[in-house]
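As a plain string of letters, each chain reads:
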Amino acid sequence: MPSEAQVAGGHKANLNNPNTSQSSKEHSKAVLENEFNGGDVSKAGDDENKNPGNVAGGLKAAINNPKVSDEAKQSAQDRLDNM
């Protein structure tokens, strides 16, 4: 079942999609304003629900990925050191 953030994200995407009808956009805007405080909802991936082992694995992958910038690698290393 999708989270509130995912539902709100779908409506936000609909507002910016040039291939959707005006009535669909109006519906999405109304849903965001009435049910999601204008689209202001918490993120779908809050840190408290993340598996620390998976986070560490992702950071290690970023550190060893040749396509990742040195700045991003350093940031990943810092976050890994602070776990």
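These numbers were taken from a predicted model, which means no experiment stands behind them.

Chemist: Just to check I follow, could you spell out helix 3 (residues 52-64) for this structure?
Modeler: An α-helix turns once per 3.6 residues; consequently, residues spaced three or four apart project the same way. Compared with the 18 Å implied by 1.5 Å per residue over 13 residues, the 19 Å span of helix 3 between its first and last C-alpha is a close match. Among the residues of helix 3, the N-terminal cap falls to N51, whose side-chain oxygen and the backbone nitrogen of G53 are separated by 2.8 Å.

Chemist: I'm lost on the confidence of the model for the protein chain in this one. Help?
Modeler: A low pLDDT score tells you not to read the predicted coordinates there in detail. Model confidence for the protein chain is summarised by a mean pLDDT of 87, while 92% of its residues fall at 70 or above. Element-level pLDDT for the protein chain is lowest in helix 1 (residues 4-15), with a mean of 88, against a maximum mean of 94 in helix 4 (residues 70-81).

Chemist: Explain the packing of helix 1 against helix 2 (residues 22-35) to me, please; I cannot follow it from the model alone.
Modeler: When two helices pack together, their arrangement is given by the angle between the helix axes and the distance between those axes. Contact geometry for helix 1 and helix 2: axes closest at 9 Å, N-to-C directions at 140°. Crossing handedness for the pair helix 1 and helix 2: left-handed. The segment helix 1 lies against helix 2, with A8, H11, K12, N14 and L15 engaging S24, K25, H27, S28, K29, V31 and L32. When its residues are assigned to classes, the contact of helix 1 with helix 2 shows four nonpolar, five polar and three charged.

Chemist: Quick question: what am I supposed to make of the side chain of K25 here?
Modeler: With respect to the secondary-structure elements, K25 resides in helix 2. Despite its burial, K25 pairs with no opposite charge, the nearest such side chain being E26 at 10 Å. Residues within four places of K25 in sequence aside, it is in contact with N14, L15, N17, P18 and T20.

Chemist: Even after reading the chapter, I still don't get the packing of helix 3 against helix 4, so can you show me in this structure?
Modeler: At a minimum axis separation of 8 Å, helix 3 and helix 4 run at an interaxial angle of 150°. Relative to helix 4, the element helix 3 is oriented roughly antiparallel. In this structure, the crossing between helix 3 and helix 4 has a hand that is left-handed. Every residue of helix 4 that contacts helix 3 at V55, A56, L59, K60, A62 and I63 is listed here: K73, A76, Q77, R79 and L80. Taken together, the residues that form the contact of helix 3 with helix 4 break down as seven nonpolar, one polar and three charged.

What counts and how
- Residues numbered from 1 in each chain as written.
- Predicted model: local features only at pLDDT ≥ 70, side-chain atom pairs only at ≥ 80, totals over all residues.
- Heavy atoms only, no water.
- Helix = DSSP H or I, 4+ residues; strand = E, 2+ residues; numbered from the N terminus.
- Expected span 1.5 Å × (residues − 1).
- Polar contact = N/O pair within 3.5 Å; in protein donor to acceptor, adjacent residues only side chain to side chain.
- pLDDT = per-residue confidence, 0-100.
- Axes fitted to C-alpha atoms, helices over the stretch in contact; angles between N-to-C directions.
- Left-handed = near helix turned anticlockwise from the far one by under 90°.
- Contact = heavy atoms within 4.5 Å.
- Nonpolar A, V, L, I, M, F, W, Y, C, P; charged D, E, K, R; others polar.
- Buried < 20%, exposed > 50% of the residue type's maximum accessible area, 1.4 Å probe, protein only.
- Lys, Arg positive; Asp, Glu negative; His and termini not counted.
- Salt bridge = Lys/Arg side-chain N within 4 Å of Asp/Glu carboxyl O.
- Parallel < 35°, antiparallel > 145°, perpendicular 65-115°, else oblique.

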